[in-house]
Structures are given as C-alpha cells and as structure tokens.
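Summary of structural features
Here is what each chain is made of, one letter per residue.
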Amino acid sequence: MDLTPLLIWWLITFIVGLVGWPLAFCLLRFLPDRGFAFARPVGLLLAGYILWLGGTFRLLQNNSGGILIALVLVLALGLLWRRQQVQTGDRTLLTWLKQEWRYVLAVELLFHLALVGWTIFKAYNPNIETAGGEKWMEIAFINGTLNSDYFPPQDPWLSGFAISYYYFGYVLMAMLTRLSGQVSTIAFNLYIPTLLALTLTAAFGLGANLINLYQSVNRQFVPGKAQGSPDYSEPGQRIANLPAVLTGFVAALFVAFLGNLEGLLEVFHERGLFSVGFWAWLDIRNLKEPPVPGSSWIPDRFIWWWRGSRVLTDYTPTGQEQEVIDEFPFFSFLLGDVHPHVLALPFVLLVVALALNLLVSRQAAAGNQHQPAQTKMGSSLTALFEQTKMILKDSWQAITEATGGRLAFALYAVFVGGLSFLNTWDFPIYLSVVGLAFILWLTQPRTDKSQSALVSGIIGVAILGVAGIILYFPFYATFQSQARGILPNLWNPTRLPQFFVFFGPFLVAGFVFLLVLSRQYQNWQKNLSWSLPLTVLGPILLMLASLVGILFSPSGRRYIEGILSNPEIQQALGVSTVGALAQVALWQRIHNPWTFLLVGGLVGWALALLVGESAGQRVNEPAYGSTPSQEQSENHSPTSLLIEKFILILLLVGLGLTLAVEFIYLRDNFGIRMNTVFKFYFQAWVLLALASAFALYAVSKNLRGFWVVLWQVGMGLLVAGGLVYPILAIPNKANNFQDEPTLNSIRWIAEHHPGDYAAIQWLRANAPPNAVILEAHGGGQAYSYTNRISALTGLPTPLGWGNHEAQWRGNYDEPGRRELDIEELFNTIDFQRAQELLDKYNITYVYVGLLEKERYSAQGLKKFAFLMDVVFEQDNVTIYQRR
C-alpha cells in the first residue's frame with residue numbers, strides 16, 4: 001500500500017492544528033489545557049467558515065488559493081489575540097508548551113495512532129459501496145463541492161440546482177482534499193480516520209479538563225491581567241496527571257470506540273446460550289430466532305455487526321415490524337459513514353468544551369461577577385419599553401462577559417451556529433448545553449437576584465442562537481428540508497430490555513453518580529415534588545397536546561384522517577375516532593411504561609439535584625466506608641461543584657433526548673420515528689458517554705472498601721461487554737485483513753466494471769466541471785449501482801437517486817418531472833424530441849454503458865450516434881458529446 005497520501009494528509013492536518021492553536025489557546029483560556037486538544041477542530045471549522053462565506057459572496061474562490069487565504073486569516077486572528085493577551089500578562093505559547101509537553105505528547109500520540117491505525121483498517125475495506133450505507137451520495141457531494149467555484153455547490157444529482165442539505169462537513173473534507181492534492185476517491189478513505197482521530201482527541205481533552213477542574217482545589221486559580229486567564233500549572237500539578245489522563249482515555253473510549261451490548265448478545269446467541277423464551281422476550285431482530293447450540297463463540301452471520309445499529313424494534317398496531325435506526329459513533333466509524341452526524345462529531349465536542357469553558361470562567365472572574373440589573377415593574381408602554389431595553393442590554397452584557405468578550409462571543413456564535421450547517425439536528429441540542437451552562441454561570445453564587453438572572457440567561461442564550469443563525473443566513477436562505485413539524489409517537493414505546501442493551505453501561509454509571517450526589521447534597525428532595533411530575537407526566541401531556549395541536553391545521557387534519565382511514569389502524573382501533581386514537585396511545589404507555597418511567601425518573605432526579613445545588617446547599621459527608629478527611633472536604637470546592645453541575649447538564653440533555661422520542665418525533669418523509677431516534681440517540685450517546693467517563697472517576701473517589709470494588713468491577717464488566725462489539729466487528733468488516741490493502745476506493749470498479757472505471761478516469765481528465773452528463777438514473781431506487789458516473793466525477797446529471805432528492809428537498813416534484821423526461825430521452829426514436837430534451841437540460845455528454853443498455857431501448861440508444869459525437873469508447877462503454 002502506498003503510504004504517500006497518508007503522509008501528505010498527516011502534514012495537512014498538522015498544519016491545520018498549528019493554525020488553530022493560537023486561537024484555541026485564547027478562546028478556551030479558562031480550561032486547564034487552554035484548548036490544545038481542540039486546536040484542529042477550531043482551525044478547520046473557522047477556516048471553512050471563512051472560505052464558505054467568502055465563496056458565497058464571491059469574495060473568495062473555492063480553490064487552493066481561497067483555502068490558504070482562509071487559513072492565513074485564522075492564524076493572523078489567533079496571533080494578534082495572543083499578542084494582546086501576552087502584553088497583559090498571559091503566558092506565551094512556548095512557555096505553556098515547555099511546561100505541559102507531557103499533555104501535548106498524549107494528545108498528539110492519540111491523534112496519530114488513531115489516524116494511522118484506522119487508515120490501515122480502511123485500506124482493508126476501502127470500497128465506496130452502493131449498499132450498506134450512503135457512500136454514493138457522500139462522494140457525490142464531495143465531488144460536487146470540489147467542482148464548484150463558489151457556494152452553494154452544485155448538486156451532482158439534480159443538474160442546475162444547488163445542494164439542498166447541511167453540506168458544511170463536505171466543504172471541510174473537500175478543503176483537506178484540495179490541499180493534499182489527492183483525488184477524491186483516495187482522500188475518501190482518509191476522511192473517517194481523520195474524523196475518528198479528531199473525535200478521540202476532543203473527547204480525551206474534555207475528560208482530562210473535567211478531572212483537572214474537579215481537582216482544582218489543589219491548584220491556585222490565579223486571575224491574571226489577561227482577562228482573568230487562570231493558571232492551572234502550579235509545580236507538581238501538571239495537566240497530564242494520571243487521573244486526568246486516564247479519564248481522558250476513558251472518555252475517548254466511551255465516546256468513539258465502545259459498542260453497545262448487542263455484540264455480547266451475538267456471542268451468546270452464536271454459542272446457543274439461554275432459552276428460546278429469553279431471546280423471544282428480548283425481541284431483537286435476527287437474535288429472536290431460536291439459537292442453535294454450537295462450539296463457536298464468534299458470530300458468523302453475514303454482517304452480523306449491522307444489527308448493532310438496529311437494536312430497537314417498533315411495530316405497527318397490527319404487529320408489523322418497523323425499521324428503527326439507533327446508530328452509535330463506533331458503528332459509524334466502522335461502516336465508514338461520511339455523513340453529517342459523523343462529520344459533526346469533533347465539532348459537537350468542541351461546543352461542549354466551549355460550554356465548559358463558559359461555566360468555569362465564573363470562578364476565574366470571581367472578583368468581577370456580573371449582577372443582573374434590577375428593574376421595577378411599570379404599567380405604561382414607555383416603562384415596559386425601558387424594562388425590555390434594560391433586560392436585553394443586561395443579557396447582552398452577561399453573555400459577552402461569560403464567553404470572554406465580544407470577539408469570543410462572535411467565535412462562540414460561529415462554532416455553535418456551525419452545528420446547524422454541519423448537522424442541523426445538533427444545533428438546538430448543543431445550544432441547550434451551552435444555555436444551561438450560561439444560566440448556571442449567572443446563578444453562581446446564588447443571590448436573591450437569581451430570578452432576574454434566569455431571565456437574562458434565557459435571553460442571552462437566545463441572543464447567541466440568533467447570532468449563530470445570522471452568521472449562517474446564506475445557508476438557511478437556500479435550505480429545504482423534509483421536516484414538517486412534530487408528531488406524537490402514539491404506539492411505539494421503547495422496550496426496556498432493548499434500551500438497556502443500547503445504553504446499559506451509561507445508565508448504570510449515571511444512576512450511581514446521581515446516587516452518590518444525592519447522599520452529599522441536602523434539601524434537594526423537596527424539588528422532586530415538581531421535577532418528577534414535570535419529567536414523567538409532562539411528556540405524556542406533550543404527546544397528547546401535539547395530537548390535539550395538529551388538528552388545528554388543515555395538513556394536520558389530513559394527516560390524522562390518513563391514519564384513521566388506514567385499514568390497519570381501523571382494525572386496531574375498532575372505532576375510527578381521534579378519541580379512540582388517544583385511548584390506544586395511553587394504553588400503550590400503561591402496557592409498556594418501564595423505559596419512560598426509568599428515563600423520566602432519572603431526568604427528574606438529575607433536575608432536582610441541579611436546582612437544589614444551585615441553592616448552594618451541600619453536605620460534606622465522608623465517602624462510603626470512610627471517615628471525614630481533609631481530602632474529602634477539598635473535593636467540595638466551588639469549582640468541583642461546578643463540574644458536578646456540568647455533568648448533571650450532560651445527563652439532563654442526554655437522557656432528555658431519549659425521553660423525547662418516547663412521545664414525539666419529527667415528521668419527515670419516512671412517516672415514523674426511525675430518523676428521529678437515530679439523530680437523538682446518537683447525540684445522547686455522546687453526552688452520556690462523557691458524563692459516564694467522569695462518573696467512573698468521581699464515584700470511585702467517593703466510595704471506599706467493598707462499595708468501590710463493587711462499583712469498579714461492575715462497570716468493568718459492563719465496559720468489557722461493550723468492547724466485545726468492536727473487538728469482533730473490526731476483523732469481520734475488514735474480511736480478517738486477508739485482501740490486499742489499498743486506499744483506492746474504486747479499485748473494485750476497475751476489477752468488476754473496467755469500462756466504467758476507464759470512463760471515469762477519462763471524464764476526470766477531459767470534462768469541464770460544469771458539463772452535464774446523462775446516465776441511468778436511480779429515481780425511486782437507492783443503494784444501487786445507478787448514477788455511479790455523476791457520483792464519482794461530480795459532473796451533474798439531470799437526476800440521481802430521486803428518493804434522496806425528495807428527502808433533501810421535501811418533495812418529489814422536480815425529480816418526478818425529470819424522471820419522465822430521462823426515460824423519454826433514452827427511449828425515444830424521435831430525433832427532434834430528443835434534441836429538445838438535450839437542450840432543456842443543457843446536456844453535454846450522454847453515457848451509455850452496460851447499465852444503460854440493460855435498462856433502455858436499443859433503438860432509442862442508437863439515435864445518439866446520429867445526434868452526437870463519440871468521444872470515448874471502451875469495454876462496452878460509449879460516451880457521446882454534443883456537437
């Protein structure tokens with residue numbers, strides 16, 4: 001295998017990290033590591049934003065020159081900011097590096113091992129397959145971006161239209177591709193190793209920072225002249241202390257490498273363990289079939305690891321199975337899924353770090369605490385206007401102070417707002433994490449002014465969210481979506497055994513963490529009187545409210561009428577009325593309440609602790625099995641309390657996502673909760689994984705004797721159960737590393753479709769990037785070999801995978817018209833009509849390969865020889881060009 005592409009790619013990522021480091025050092029200055037673990041995501045995203053914004057307004061061109069200008073601007077901004085901070089008393093980068101080289105070495109070693117190791121893994125399964133994922137779509141977007149001089153990039157599967165998708169991640173990968181000089185089909189197999197390496201180092205950085213902050217009582221928190229930049233580097237208290245480094249590695253493991261417990265169940269099933277009744281009760285597809293006792297412990301069912309992303313099983317009211325996607329990060333890295341939810345992973349972790357940075361800045365600025373303005377209520381419009389003006393001003397001052405100044409606020413808005421452009425679902429999720437951290441920032445220390453602080457907090461978060469939207473307004477202006485509101489999840493509560501198979505280790509870690517905090521805090525129990533009804537009964541009321549709410553819109557009434565007119569629904573209801581529908585929904589909750597009761601209870605419990613601790617009430621009790629000690633009381637420092645609150649925020653949002661899909665889902669083209677579960681569970685995994693990594697350390701510190709042994713052994717067994725999946729899936733996916741490794745993702749096309757491969761190479765070398773090529777379309781079919789030419793060259797075609805276009809644009813109107821025209825263009829023998837259609841879609845090339853010959857009329861294909869010139873002919877492939 002030629003390692004030159006990897007070496008070049010490594011150099012590019014190293015340069016991006018150097019470019020982003022000064023800015024990360026300034027922006028994340030309240031974290032112990034000063035943002036070093038996030039330097040590459042900072043440099044990559046901000047440079048990508050500058051390139052995209054410049055390319056959108058035709059100020060920069062989407063080429064190597066434009067990328068270099070963007071990188072230089074990021075570097076200049078960071079260096080100027082660093083110069084200002086150094087002049088006010090902050091340390092230089094070199095001074096910090098000399099002192100914290102051990103931490104730097106740990107981060108860089110993790111990044112490079114992940115990059116090289118997973119590149120080798122990808123080399124053993126390099127194919128851009130048409131099944132088992134959407135790689136055809138992903139490479140099409142990459143090539144479409146590379147072929148576009150400006151933004152938004154052209155859609156290779158709907159010529160004449162721009163991509164209607166959250167495509168920012170593809171812009172970032174295309175940037176690296178262009179800088180490396182690699183063809184996209186080589187670079188494609190370097191994307192996932194890069195994303196894995198970025199994710200691992202970001203998760204490591206979060207884990208290490210959390211522990212360092214939790215231990216901060218042993219450090220001097222020195223607000224320097226550089227806007228309160230703290231010094232965490234007292235002699236003998238390096239960032240790279242053993243607990244911090246170990247927790248960092250655990251966080252990286254939990255976020256990116258741990259699998260769910262389905263892999264362990266595959267082993268048990270393959271061995272023939274447990275009764276037929278157990279597997280039927282578990283009710284996981286493929287595994288519910290009676291096991292056949294055998295001598296092997298290694299699963300051998302075809303791509304058995306795929307079932308790890310389909311643990312949940314939903315049913316229609318008459319018992320028909322419905323597809324539910326429940327992916328987790330390692331599955332996506334294993335599959336090689338260059339999809340928005342994976343492309344966004346390093347950057348959602350960056351935003352979590354920003355939220356943590358914001359929260360702990362309160363301690364650094366302890367001598368200059370923001371106090372919300374007090375206003376008196378007035379009845380006149382003038383008084384109301386003045387009150388509103390004052391609240392807005394106060395909220396603006398608070399959010400800029402919390403983020404570190406106006407420049408820092410602008411960068412927060414770029415990074416938080418960028419999540420919507422990377423993977424739109426993530427924006428409200430992680431904005432809420434930042435928002436809760438900001439509200440806590442305002443309410444520490446708690447005063448009688450906390451109520452007005454809460455108002456300022458909510459408004460301040462709204463200001464940040466609006467700023468994030470404004471900064472990406474050109475994206476929103478051209479974006480279409482299949483999402484069309486919220487629908488109630490009427491009859492698919494998640495079964496608790498399946499929920500535990502997916503989240504088991506994190507549920508145990510979260511439960512024990514809450515238990516330990518409950519013993520150490522006081523007076524939090526009184527909050528349960530409102531938090532538990534809110535989190536247990538509230539979702540049911542929300543589901544029923546959404547059912548009632550949709551009846552007030554014509555489209556909602558049509559939707560309900562469609563449900564009630566469905567024979568399956570009529571059979572289940574007996575009476576086709578809305579009341580009967582609501583009755584069935586409630587009965588489903590009563591019949592299978594365990595998951596939502598567990599999750600709702602945990603969310604209410606965590607909320608009670610969070611609000612209770614916000615009142616500053618804490619009991620300094622000894623750890624289980626121990627006596628009070630100086631170390632015990634030190635662990636109750638103000639900063640350690642903030643970190644515990646931050647973990648409660650992660651648990652609240654993470655568990656809240658899993659609770660939401662029990663009752664509601666986003667209405668889309670699928671018509672079921674499949675995609676909502678996918679998006680929400682994926683982010684819940686990230687948040688719960690981070691919280692669990694911290695809990696593993698914090699709970700161990702607070703237990704003694706038998707209890708700590710029980711805790712560590714129990715968690716060790718659960719984690720070992722989760723590691724069965726990656727340990728067995730990696731060699732299975734790589735075909736036991738038997739094939740010849742290569743980074744060429746279309747080598748298999750050269751072997752099985754040599755004509756197509758040669759044609760692709762010819763088009764790459766000779767076709768102008770704005771040429772339109774006609775080939776067999778996917779139409780309503782997906783995950784097939786159709787549209788291989790447009791995908792692998794980026795040359796736009798009138799229609800690609802039409803069903804995907806419908807998902808991206810929310811309707812099939814334009815793809816439907818084009819589907820009929822393409823069929824006619826290929827099959828007609830009317831020369832004049834064919835010429836009209838060629839002109840209509842401005843077609844430059846017509847591609848006739850084996851696929852086209854199988855699908856379309858031979859007489860219809862012959863006409864192109866009379867209408868056009870042959871410019872390529874090899875191995876049953878002919879390319880015609882317009883005269």
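Everything in this summary refers to the structure shown in the same document. (Residues numbered from 1 in each chain as written. Predicted model: local features only at pLDDT ≥ 70, side-chain atom pairs only at ≥ 80, totals over all residues. Heavy atoms only, no water.)

1. Considerations on the overall build of the protein chain
- What the protein chain contains, in helices and strands, is 38 helices and 8 strands.
- The C-alpha atoms of the protein chain give 28 Å as radius of gyration, which agrees with the globular expectation for 883 residues (29 Å, within 12%).
- Seen through its principal axes, the protein chain has C-alpha atoms that stretch 90 × 75 × 70 Å.
- Considering the protein chain as a whole, with its 883 residues, one finds that 59% of them fall into the buried category.
- Considering only residue pairs separated by 6 or more positions, the protein chain has 78% of its internal contacts joining residues 24 or more positions apart.
- When the accessible surface of the protein chain is totalled, it reaches about 32500 Å², and 63% of it is carbon and sulfur. (Helix = DSSP H or I, 4+ residues; strand = E, 2+ residues; numbered from the N terminus. Rg over C-alpha atoms; globule rule 2.2 N^0.38 Å. Buried < 20%, exposed > 50% of the residue type's maximum accessible area, 1.4 Å probe, protein only. Contact = heavy atoms within 4.5 Å. Areas by Shrake-Rupley, 256 points an atom, 1.4 Å probe, with all protein chains shown as cover.)

2. Some details on the pairing of strand E6 (residues 845-848)
- Because side chains alternate across E6, one face comprises the buried residues Tyr845 and Tyr847, and the other comprises Val846 and Val848, equally buried.
- Relative to E6, strand E5 (residues 773-774) is paired through 2 bridges, and the arrangement is parallel. Across the sheet, residue Leu774 finds its bridge partner in E6, namely Val846.
- Of the strand pairs in this sheet, E6 and strand E8 (residues 877-882) are connected by 4 bridges, and their pairing is antiparallel. The residue bridging Tyr845 from the neighbouring strand is Gln881, located in E8. (Pairing = 2+ DSSP bridges.)

3. Observations concerning the pairing of E8
- Direction of pairing for strand E7 (residues 868-874) relative to E8: antiparallel, over a ladder of 6 bridges. Residue Gln874 lies in a different strand from E8, and its bridge partner there is Val877.

4. Comments concerning the pattern of salt bridges
- Counted according to the given criterion, the structure contains 24 salt bridges.
- Close ionic contact of Arg673 with Asp314 constitutes a salt bridge, the shortest N to O distance being 2.7 Å. Highlighted residues: Arg673 in the loop between strand E4 (664-666) and helix H28 (674-702) and Asp314 in strand E1 (residues 314-315), separated in sequence by 359 residues. For the pair Arg673 and Asp314, one class covers both residues: buried.
- In this structure, a network of salt bridges that share partners links the residues Asp283, Arg285, Lys288, Arg310, Glu321 and Glu323. (Salt bridge = Lys/Arg side-chain N within 4 Å of Asp/Glu carboxyl O.)

5. Concerning the nonpolar core
- Counting 274 residues, the largest nonpolar core has Trp136, Phe168, Tyr430, Phe503, Phe513 and Leu581 as its most contacted members.
- The element best represented in this core is helix H8 (residues 184-214), accounting for 20 residues.
- Dropping the residues within four chain positions of it, Tyr430 is found in contact with Val348, Val351, Val352, Leu419, Gln683, Val686 and Leu687.
- With 22 residues, the next largest nonpolar core counts Val772, Leu799, Leu825 and Ile843 among its residues. (Core = buried A, V, L, I, M, F, W, Y, C linked by side-chain atoms within 4.5 Å.)

6. Describing the layout of surface pockets
- What the second largest pocket holds in volume is close to 780 Å³.
- Phe670, Asn675, Phe678, Lys679 and Gln807 are the residues nearest the centre of the second largest pocket, which is lined by 37 residues in total.
- Elements with a contribution of two residues or more to the lining of the second largest pocket: helix H12 (329-335), H28 and helix H33 (802-809).
- For the lining of the second largest pocket, the leading source of residues is H28, giving 5 residues. (1 Å grid on protein atoms, 1.4 Å probe; cavity = no way out; pocket = protein on both sides within 12 Å on 5 of 7 lines; lining within 4 Å. Points joined across faces, edges and corners; volume = space filled by probe spheres on them.)

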